[in-house]
Amino acid sequence: MSATLRPLWLRGVAFNPAAPSDVLIRLMDPAAGETGTAMCQGRDLPGAALDAALRHPDRAIRGALARNHHVDPRAIVPLAKDPSGLVRAWLADGPHPRAPRRVRPLPDEVLVTLLTAEDGGEDGRVTASEIVGGLDGSGQVSLSFRHSLAERDHPELRIQATWSWGSLAPEQRAKLLDDPDPAVRRSARDHRWVLDPEEVEARFPDYEARGWGFVFGGCALTPAMVERCFGDDLRLTALAGNRHAPDHALARLARHPEARFRALVATRPDLAPELVAELREDPHQGVRELARVQPFSRTWAEHDVIGRIVGHGRDCVCPITEFVPQPPADWFAACAVSGEPVLRRVAASWPGLPAALAAPLAEDEDEEVRIRLACHHPLAPPRLLLDVFVAHPVHRPHLLTLPAFPRTGTAHLVGHPDPRVRAVAAGDPALSDPPVTDADPAVRRAAAANPGLSPGVLEVLLADPDTAEGAAANPSLPVARMHALLDDCLSGTAPV
């Protein structure tokens, strides 16, 4: 057996979708080298293999699992209390490499455990605060969890709620100021200054160098502070999104000589009706379009959802997260049948849109509506996913993660000039002759993994370095043959 084939076989078997747990568990052996960690980080794992990884004595295996975005986050809850602080930190930092667009939030119980831990683990490599810091920027904290902090039982979580004082409802602020825990009350008093314009102005020198965005974008401002914004484009942009911006500032922004600033306030729910009427007659088409959708921006929740869509374009690859707080379902339904493309894009981005409303959007005349439906909605038709995959390479990594992405019916693309498209077609079982000699190695691997190949052909491909990895990943490879390959790889010299 050629030593060059060993790592190819190991990688192929590790990512074979038909490999059972007893095969995958063998790959967690140190003799498999880095294949075990790559597997635990890079694919979903069946039950027994998942349990073995969770209990594995090697911190590297558990850490790899902590960074896996294929496994259901609910299945790795025990890692939040892992004795190793590094494993906890890897869990908090999130999937690696980053998921293309969607990072599934960690369960609430995991978030509570990580956010309230008093130590950083027995290995002493990280602190509890460093773990919290990693979690905060990971995208794994759901918006619904953030919104629930003020109501949580643990005082430390209610303290964290006070850090976003300006976004809390008045009743939440009052409750925190009267909290039974003195530390929570103290934190609430320490943070309420953000809604006191005079106090904001007095504290501004402490924030001017690095925190001005927070001040101008989220705090209550004195007239003098507002005036500071109108000589600086970045500060003015922050002011345009400030929910506490006074009416006179909004009027000036709505009549600003530059269209980009008029556009920034055109959908605000607190914009005076006469200003909305003016903007509907604006000389700039984009401003007029936004002013036309302003009636759909009756609440800040609706405004925020529209704001996540406006101006992003068909190649937007922003993280896909939940809408919280979420407008009612009938609002999304009205958006779906609107004559305004912006609103139909909003509807296409909501995964809860009923099938009867989602189906017409798959044929929408606006390309961005179709792309958003393909990327966001679980009922987007497979043919639409394939069309977007072929036409828009930027969306391919995300589309390939979707359960509805077609694995059959792609044979007509086997001669496509783009090798990434050919690689998808190469795995179609309907192909009579998978392109195992294609010029591109990714296409060769995909062709070798085609489940329609016969056992005899697979044996030939397993012996060829160009196709060995794909053949070992072929789901039609018998389990006994998988074990035999591992016997060869793990019984002798460690793979190279």
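All values derive from a computational prediction rather than experimental measurement. Sequence order as written defines residue numbering, which begins from 1 separately in each chain. Where local features are concerned, this predicted model is filtered to residues with pLDDT of at least 70; where side-chain atom pairs are given and counted, the filter is 80 or more; whole-chain, interface and lining totals use all residues. Side-chain measures were taken over the full set of non-hydrogen atoms in the model, leaving aside hydrogen atoms and water.

Re the overall build of the protein
Alright, step 1. Going along the chain from the N terminus, every DSSP run of H or I of four or more residues is numbered as a helix, and every run of E of two or more is numbered as a strand. Within the protein one finds 32 helices and zero strands.
Alright, step 2. Each principal axis of the C-alpha atoms in the protein carries an extent, and together these give about 80 × 55 × 40 Å.
Alright, step 3. Within the span of the protein, comprising 496 residues, buried residues form 46% of the whole.
Alright, step 4. The contact definition used throughout considers only heavy atoms, calling two residues in contact when any of these lie within 4.5 Å. In the protein, 53% of the contacts between residues at least 6 apart in sequence involve partners at least 24 apart.
Alright, step 5. What sets the accessible areas is the Shrake-Rupley method with a 1.4 Å probe; for residues, cover comes only from the shown protein chains. Summed over all atoms, the accessible surface of the protein reaches about 22800 Å², with 55% contributed by carbon and sulfur.
Alright, step 6. We score Asp and Glu as negative and Lys and Arg as positive, and we do not count His or the chain ends. Note on charges: their place is set at NZ of Lys, CZ of Arg, CG of Asp or CD of Glu. For the protein, the separation between the mean place of its 53 positive charges and that of its 66 negative charges on side chains is 0 Å. Relative accessibility thresholds used throughout: buried, under 20% of the residue-type maximum; exposed, over 50%; partly exposed, between the two (1.4 Å probe, protein chains only).

Some details on the nonpolar core
Alright, step 1. Here, the term nonpolar core denotes a set of buried Ala, Val, Leu, Ile, Met, Phe, Trp, Tyr and Cys residues that are joined through side-chain atoms within 4.5 Å. Ranked by internal contacts, the top residues of the largest apolar core, which has 99 residues, are L27, L45, L65, L91, L114, L221 and L239.
Alright, step 2. For this core, the element with the highest residue contribution is helix α1 (residues 5-14), accounting for six residues.
Alright, step 3. Excluding residues within four positions of it along the chain, L65 makes contact with C40, L45, L50, A53, L54, V71, I76 and L79.

Considering unusual backbone geometry
Alright, step 1. Geometrically, the link from V324 to P325 is a cis peptide bond, its omega value of -5 degrees lying close to zero.
Alright, step 2. One can find P325 in the loop between α21 (300-307) and α22 (329-336).

Side note on the packing of aromatic side chains
Alright, step 1. Any Phe, Tyr or Trp ring, taking Trp's six-membered ring, that has another such ring centre within 6.5 Å forms a pair; planes under 30 degrees apart are called stacked, those over 60 apart edge-to-face, and the others tilted. Within the structure shown, the criterion is met by eight aromatic pairs.
Alright, step 2. Considering the side-chain rings of Y207 and F214, the 5.9 Å spacing of their centres and the 40 degrees angle between planes classify their relative orientation as tilted.
Alright, step 3. By relative accessible area, which is 26% here, Y207 ends up partly exposed.
Alright, step 4. Judged by relative accessible area, which is 40%, F214 ranks as partly exposed.
Alright, step 5. Counting every residue linked through ring pairs, the aromatic cluster contains F323, W331, F332 and W350.
Alright, step 6. A ring is considered to have a charge above it if a Lys NZ or an Arg CZ atom is located within 6 Å of its centre and within 35 degrees of its normal. Across from the ring centre of W90, 4.5 Å away, lies the NZ or CZ of R67, which sits over that ring.
Alright, step 7. Above the ring of F230, the side-chain terminus of R252 is found at 3.7 Å from the ring centroid.

Considerations on the pattern of salt bridges
Alright, step 1. By definition, a salt bridge exists where a carboxyl oxygen of Asp or Glu is found within 4 Å of a side-chain nitrogen of Lys or Arg. One pass over the structure, following the stated rule, counts 31 salt bridges.
Alright, step 2. Close ionic contact of R255 with E278 constitutes a salt bridge, the shortest N to O distance being 2.7 Å. With a gap of 23 residues between them, R255 in the loop between α17 (247-254) and α18 (259-265) and E278 in helix α19 (residues 273-280) connect regions that are remote in the sequence.
Alright, step 3. When the shortest N-O distance is used, the salt bridge between R444 and D466 registers 3.8 Å. Of this pair, R444 sits in helix α29 (residues 441-448) while D466 is found in the loop between α30 (455-462) and α31 (468-472), placing the two residues 22 residues apart along the sequence.
Alright, step 4. Look at R444 and you get buried, because its relative accessible area is 14%.
Alright, step 5. Judged by relative accessible area, D466 falls into the partly exposed class, the value being 41%.
Alright, step 6. Through salt bridges with shared partners, one network takes in R345, D366, E368 and R372.

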